[in-house]
Amino acid sequence: MTTSAPLHDHLRALVAWSSGLAPDAIPEDVRRRAGLILWDDFGALLAARSEPEIVALRRKIAESGGRAEATVFDGGAVRTDRYSAALGNGCAADWCELDGGFRPVVCHAALYVLPALLAEAEATDARVDDLLAALVVGYETVARVARAFTFPALTLHPHGGLATIGAAAAVAHLRGHDPAIRLRALTGAATMVFPGPFGHAVEGALIRNVWPGHCAQTGMRAVDWAEIGIGGTSSSLSDVFCGIFGASAAPHALSSDLGTDWAMTDGYHKMHACCQYAHSTVEAIQAALEARDTPPGVGDIADIRVETHDKALKLDNAAPATTLAAKFSMQHVAAASLLTGSADADAFHADTLAAPAFDTLRKIVTLAPFGPALPPPHDRPARVTIRLRDGTVLQGECLSARGGPDRPFGDDEIREKGRRLIEAAYPNASSCMAPILHGDAGDLRWARLVAELTSS
């Protein structure tokens, strides 16, 4: 039997299960987790609203936008057609690297679902509880597709390879489609992904930040086409991911333990505005500095050695040219952590790229493998040794950064992060969005909530 046959069989099982997933069939803790993820990633989206490239990008999108049916979330109330809104919001959603992800594999599941879903829900006057159910379905679907394929390490960036599928799954569920249409939408979406190189993030190519927005509107269109009989084939998933992208497949990952093993429980949240692979390095540096009342000055530091996991070693760029490159530069992350004590958005501001202190520290960072290699959840560790010119040695270690299932942030911490980011743009967000956070949406409609949110 070829790989495509079992893959399609398991995809069909996933679609059949998800088509019957009404809001009240989702466990309460999963629904609440969905609300928290929406809040967190909505904050990440709004964090980028003033980035000059995002401002210019949205201006360009507006030049050809259609009828007003969905909001572009930039602190105002501008509305455009749902596809353009999904594009604009999707491009902003990953810009600051504050969105969450799926810990078992390389997949930012909520990012691949929410830009399309928020636009569709507003345009169709969907209920909030239906929106959250569609978020669960989209998250579950794209996370399972991500687990079903193993690629050569950090070659294909998941934003290009997965986001179209997540958007299609969520929108098809929100529209209430039957399994046949969903299957056409997903097989069609699988052929409309693209091979975005992972290295573009390390090199700082800003086109990488546009991929989720592009895929959001493409995923929506995949559902449109499925509704009129246009879709892929039973081999589409295999043809693209195995035949073209060179992945190996584990078909059972698409349908095993449906309804008992929820992908959202394996998600992670981020407080540091950089690639998650570098978070353990941030925490290791913070641990190294704990014994000192004040951090060492730049001139006091002789060298910095970072021992870390294979994925982080790929983030090797001592001279990042863009803010994106800085967020994927282990050297910049180490410098930022030493100079600011954290790795928040300000530590990756454009001004830091040419700042002499950052440049000096980036040049004395040495990367080395962490040994011995450890199994999950300690598969992304870091050990940092800071040698000062007076002979003092500072050391810190982090086996697993906070935010994942093994060391989760508290709900209150995630709510507070979202509050700071969202209320900077929409001051009444906490009151408007309280039903989402508390899992008690009742008959509330997303469009009405958005109208209240943007009216202040």
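For clarity, every value in this text was computed on a predicted model and none was experimentally measured.

Draft legend 1. Representation of the pattern of salt bridges in the model. Inspection of every chain in the model, using the stated rule, returns 31 salt bridges. A salt bridge links D224 to R175, with the nearest nitrogen and oxygen atoms 2.7 Å apart. Taken together, the positions of D224 in helix α10 (residues 207–227) and R175 in the loop between α7 (158–174) and α8 (179–190) put the pair 49 residues apart, joining distant regions of the chain. With a closest N to O distance of 2.9 Å, R415 and D412 form a salt bridge. Of this pair, R415 and D412 are both found in helix α17 (residues 411–423), three residues apart, which corresponds to roughly one turn of the helix. Taking the relative accessible area as the measure of exposure, D412 reaches 58% and is therefore exposed. Overlapping salt bridges, with partners in common, bring together R67, E69, R82, E120, R175, R221, D224 and E227 in one network.

Draft legend 2. The arrangement of the layout of surface pockets in detail. Roughly 570 Å³ of internal volume is contained in the largest pocket. Surrounding the largest pocket, 25 residues form its lining, A47, E51, C96, A345 and D346 being those nearest its centre. Put simply, the parts of the chain that give the lining of the largest pocket at least two residues each are α2 (28–47), α3 (52–62), α14 (323–327) and α17. Per element, the largest residue contribution to the lining of the largest pocket is three residues, and it comes from α17.

Draft legend 3. Inspection of empty space enclosed by the protein at higher detail. Within the structure shown, the criterion is met by three cavities of 30 Å³ or more. Space inside the largest cavity adds up to approximately 140 Å³. For the largest cavity, the lining is made up of 17 residues, of which V106, H108, Y268, C275 and Y277 are closest to its centre. By volume, the second largest cavity amounts to about 60 Å³. Along its surface, the second largest cavity is lined by D41, F42, L45, A93, D99, A110, L111, L114, P115 and L118. Breaking the lining of the second largest cavity down by element, the ones donating at least two residues are α2 and α5 (114–123). Residues of the lining of the second largest cavity, tallied by class, amount to eight nonpolar, no polar and two charged.

Draft legend 4. Geometry of α3. Listed as buried for α3 are I54, L57, R58 and I61. Summarising the axial view, the buried residues of α3 lie within an arc of 95°, below the 170-degree limit, and thus occupy one face. Residues P52, R59 and K60 are exposed on α3 and point more than 90 degrees away from its buried face. Elements that come into contact with the buried residues of α3 comprise α2, α4 (82–93) and α10.

Draft legend 5. Just the pairing of strand β7 (residues 301–308), in detail. For β7, the buried fraction is high: six of the eight residues fall into the buried class. With seven bridges connecting them, β7 and strand β9 (residues 382–388) associate as antiparallel partners. Opposite D303, over in β9, you have R387 as the bridge partner.

Draft legend 6. How the structure looks around the sheet that holds strand β8 (residues 365–369). Ordered in space as β8-β7-β9-β10, the four strands form an open sheet in which the pairing is mixed. Each end of this open sheet is capped by a strand with a single partner; those strands are β8 and β10 (393–398). Neighbour-to-neighbour, the strand axes of this sheet turn through a mean angle of 15°, independent of strand direction. The sheet contacts of helix α12 (residues 279–289) involve β7, β9 and β10, and relative to β10 the element is tilted by about 140°.

Draft legend 7. Quick look at the packing of α2 against α17. At their nearest, the axes of α2 and α17 sit 8 Å apart, and the two run at 35° to each other. Regarding α2 and α17, the two cross each other, and that crossing is left-handed. Across the interface between the two elements, R32, R33, L36, W39, D40, F42, G43, A44, L46 and A47 of α2 pack against D411, I414, R415, K417, G418, R419, L421 and I422 of α17. Within the contact of α2 with α17, the residues separate by chemical class into nine nonpolar, two polar and seven charged.

Draft legend 8. Examining the nonpolar core more closely. Grouped together as the largest cluster of nonpolar side chains are 158 residues, with contacts concentrated most on L38, F241, I386, M433 and W446. For this core, the element with the most residues is helix α6 (residues 128–148), which contributes 14 residues. Each residue touching M433, except ones within four places of it in the same chain, is listed here: L38, W39, F42, L449 and L453.

Draft legend 9. Geometry of the packing of aromatic side chains. Under the criterion given, the structure shown has eight aromatic pairs. Aromatic pair W17 and W262: ring centres 5.6 Å apart, planes at 55°, arrangement tilted. In this pair, W17 sits in helix α1 (residues 4–19) while W262 sits in the loop between β5 (248–249) and β6 (267–268), placing the two residues 245 residues apart along the sequence. When its relative accessible area of 7% is taken as the criterion, W262 is described as buried. Between F42 and F73, the aromatic rings sit 4.9 Å apart at their centres with planes inclined by 85°, giving edge-to-face as the arrangement. Of the two residues, F42 sits in helix α2 while F73 sits in the loop between β1 (70–71) and β2 (79–80), which places them 31 residues apart along the sequence. For the pair F42 and F73, a shared accessibility class is recorded, and that class is buried.

Scoring rules and cut-offs
Residues numbered from 1 in each chain as written. Predicted model: local features only at pLDDT ≥ 70, side-chain atom pairs only at ≥ 80, totals over all residues. Heavy atoms only, no water. Salt bridge = Lys/Arg side-chain N within 4 Å of Asp/Glu carboxyl O. Helix = DSSP H or I, 4+ residues; strand = E, 2+ residues; numbered from the N terminus. Buried < 20%, exposed > 50% of the residue type's maximum accessible area, 1.4 Å probe, protein only. 1 Å grid on protein atoms, 1.4 Å probe; cavity = no way out; pocket = protein on both sides within 12 Å on 5 of 7 lines; lining within 4 Å. Points joined across faces, edges and corners; volume = space filled by probe spheres on them. Nonpolar A, V, L, I, M, F, W, Y, C, P; charged D, E, K, R; others polar. Arc of directions from axis to C-beta. Contact = heavy atoms within 4.5 Å. Pairing = 2+ DSSP bridges. Axes fitted to C-alpha atoms, helices over the stretch in contact; angles between N-to-C directions. Left-handed = near helix turned anticlockwise from the far one by under 90°. Core = buried A, V, L, I, M, F, W, Y, C linked by side-chain atoms within 4.5 Å. Phe/Tyr/Trp six-rings, centres within 6.5 Å; stacked < 30°, edge-to-face > 60°.

These values are about where atoms sit, not about what they do.
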